[in-house]
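Next come the chains, spelled out residue by residue.
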Amino acid sequence: MQCIVNRRAQFLASHRYWLPELSEAENMAKFGLSAKFPGQGHNYVVFISMSGELDEYGMVLNLSDVKHIIKREATGQLDFSYLNEVWPEFQQTLPTTENIAHVIWQRLAPHLPLVRVQLLEHSQLWADYTGEGKKVALTVRSHFSAAHRLAPNLSAEKYGKCTRTHGHNYHLEVTVEGEIDPRTGMIVDLAAVNRVVEDYVLELLDHSCLNEDIPYFAESEIVPTTENIALYISNLLRSPIHDLGVNLSRVKLFESHELWVDYNIGETETSLTVATHFSAAHRLAHPNLSLEKNLEIYGKCGRVNGHGHNYHLEVTLKGEIDPRTGMVVDLGALNRVIADYVLEPFDHGFLNKDVPYFAEVVPTAENIALHITNLLRSPVEELGARLHKIKLTESPNNSCEIYCTQSDTNTVNAVKSEPVLV
Ligand SMILES: [Zn+2]
Ligand SMILES: [Zn+2]
């Protein structure tokens, strides 16, 4: 099964949005404060995503090699640089967030099996490039605070406290897609995107009670769940974003750090993610290899007594929104499934010794994610949804993702899994 591994890297650099063929007044009119002399700097963070089959050692690629390639071919050259001058690509096309992502892809593609380059200028703005010509996605993050309740059509018994009026700080990520302008490096006027989000969404929803104040919910049977709010926001934004010359591609709405919804424009299904974590020890060593060989392959991770991590786990499902509940899945039931099949057997344990599966299989993040995928697939189906993705973050620098497609068979664990009972 294909696995995506993500490696984080960072660099500090400055840039200036300035085209020498334009006058000072024209540059200021076009780029605003970003045209100011001598430019401005950012702590850029980049996530390089690569895809491949898991090898016999439980890895897609040796991450230590990957780290060196990223530094040698990209971040090492960009760190402490003035981007406009460091690479010839940025003399032709300005080093905007979207263009830097695009050029880093071009520089790394000959060396690594890339599937995505994500570049964050800061925590509220990033670009994703996936190798499709000049097409780039740009995401802006914002938030609003609102009240809601899931009554009256749901029983308090089943939905508990959510039937009382309560509130959240919703975090909203709006992703637009377009083609990079060959001179300015931009797909769209970013300030205009932020204005659209402000005018069409934040102004309306911030400090409101969704059930009472927003006619879309107040005058219908539509329940203001995260799923339905994300869908509503996408309807508000689609046309004004299109008027800016780009397309709305995704609305991602976080009700909390543990629960969010992705609504991809054009898809009939909605995806819902719950995030959780477990703390566990592991040791990376292949049972058939010598200690010397294991240390050569896995480095410090092969030390005999093991080490541990706080694993951050994201479980993403896809499904249709149930019109009665406004939900893709019964969240309480989903959380119970994750607790029974994953957290109970994995948390505060030594994976190699306490989880029988890892007696023979090396518990790399990739293999853990694959095992979790196989454990959760059928119980999630029984809840009426489909497991779409498992993402496991082992450390700030390393994470991996397993996507389940409908045609996949459970390659490692074909038998129906049962929760571990204690
Ligand atoms: Zn709520
Ligand atoms: Zn480790």
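Residues numbered from 1 in each chain as written. Chains lettered and ligands numbered in written order. Predicted model: local features only at pLDDT ≥ 70, side-chain atom pairs only at ≥ 80, totals over all residues.

As annotated in an unreviewed UniProt entry, the chain carries the name 6-carboxy-5,6,7,8-tetrahydropterin synthase and comes from Anabaenopsis arnoldii. Regarding the chain, the relevant UniProt record gives this comment under Sequence similarities (unreviewed entry): "Belongs to the PTPS family. QueD subfamily." Under the heading Pathway (unreviewed entry), UniProt records this for the chain: "Purine metabolism; 7-cyano-7-deazaguanine biosynthesis." (UniProt positions renumbered as here; feature names shortened; annotations may be inferred.)

Points about the nonpolar core
Core analysis: the largest hydrophobic core is formed by 112 residues, its most contacted members being I104, L119 and L253. In terms of residues, this core owes the most to one element, helix α14 (residues 365-382), which gives eight residues. If we ignore the near neighbours within four places in the chain, the residues touching L119 are Y44, V46, T97, I100, A101, I104, W126 and A127. (Core = buried A, V, L, I, M, F, W, Y, C linked by C-beta atoms within 7 Å. Buried ≥ 20, exposed ≤ 12 C-beta atoms within 10 Å, placed from the backbone. Helix = DSSP H or I, 4+ residues; strand = E, 2+ residues; numbered from the N terminus. Contact = placed C-beta atoms within 7 Å.)

Side note on α14
Compared with the 26 Å implied by 1.5 Å per residue over 18 residues, the 26 Å span of α14 between its first and last C-alpha is a close match. When the local axis directions of α14 are compared, the greatest deviation, roughly 35°, occurs at L376, which is followed within four positions by the proline P379. Backbone geometry just after α14 places G384 at a positive phi near 90°. (Expected span 1.5 Å × (residues − 1). Bend = angle between axes of the 7 residues up to and from the residue.)

What to know about the pairing of strand β10 (residues 259-264)
As defined by bridge partners, strand β9 (residues 247-256) adjoins β10 across six bridges and the pair is classed as antiparallel. Within β10, the residue paired with L253 across the bridge is V261. Taken together, β9 and the strand that follows it, β10, pair antiparallel across an intervening segment of two residues. Looking at chain direction, β10 and strand β11 (residues 270-282) are connected through four bridges and run antiparallel. By the bridge assignment, L259 is partnered in β11 with V274. Hairpin geometry of β10 and β11 is characterised by an intervening segment of five residues between the two adjacent antiparallel strands and by a positive phi of about 95° at G266. (Pairing = 2+ DSSP bridges.)

Points about the environment of H166
With respect to the secondary-structure elements, H166 resides in strand β7 (residues 166-179). Judged by the 11 C-beta atoms lying within 10 Å of it, H166 is exposed. When the C-alpha positions of H166 and V337 are compared, they lie 26 Å apart, and in sequence the two are 171 residues distant.

Remarks on the packing of helix α7 (residues 190-205) against helix α10 (residues 226-242)
To describe two helices that pack against each other, one gives the angle between their axes and the distance between the axes. Taken N-terminus to C-terminus, the directions of α7 and α10 make an angle of 140°; their axes are 10 Å apart at the nearest point. Of the possible angle classes, the one that applies to α7 and α10 is oblique. Like other packed secondary-structure pairs, α7 and α10 cross with a definite hand, here right-handed. Together, V196, Y200 and V201 of α7 and I233, L236, L237, P240 and I241 of α10 make up the contact between the two elements. For the contact of α7 with α10, the residue count by class is eight nonpolar, no polar and no charged. (Axes fitted to C-alpha atoms, helices over the stretch in contact; angles between N-to-C directions. Parallel < 35°, antiparallel > 145°, perpendicular 65-115°, else oblique. Left-handed = near helix turned anticlockwise from the far one by under 90°. Nonpolar A, V, L, I, M, F, W, Y, C, P; charged D, E, K, R; others polar.)

A short note on the confidence of the model for the chain
Mean pLDDT over the chain: 93, with 94% of residues reaching 70 or higher. Every residue in residues 409-422 is under pLDDT 50, and counting partners more than four places away or in other chains gives 18 contacts. (pLDDT = per-residue confidence, 0-100.)

Considering helix α5 (residues 97-108)
Its twelve residues give α5 an end-to-end C-alpha distance of 17 Å, which sits within 8% of 16 Å, the value for a rise of 1.5 Å per residue. Within α5, ten of the twelve residues are buried, which leaves it mostly tucked inside the rest of the structure. Here α5 has its buried residues at T97, E98, N99, I100, A101, H102, V103, I104, W105 and L108.

Focus on the environment of S142
By secondary structure assignment, the location of S142 is in strand β6 (residues 135-148). For the pair formed by S142 and V174, sequence separation is 32 residues and the distance between their alpha carbons is 8.4 Å. With sequence-adjacent residues up to four places away left out, S142 is seen in contact with L172, V197 and L202.

What about unusual backbone geometry?
Omega for the bond connecting F37 with P38 falls within 30 degrees of zero, at -5°, which places this linkage in the cis form. With phi around 60°, F80 is a residue other than glycine that occupies positive phi space. Counting through the fold element by element, F80 comes out in the loop between α2 (63-78) and β3 (81-82). Residue F80 is classed as exposed on the basis of its C-beta count, with 10 C-beta atoms lying within 10 Å. Backbone geometry places H348, a non-glycine residue, at a positive phi of 55°. Owing to 11 C-beta atoms within 10 Å, H348 belongs among the exposed residues under this scheme.

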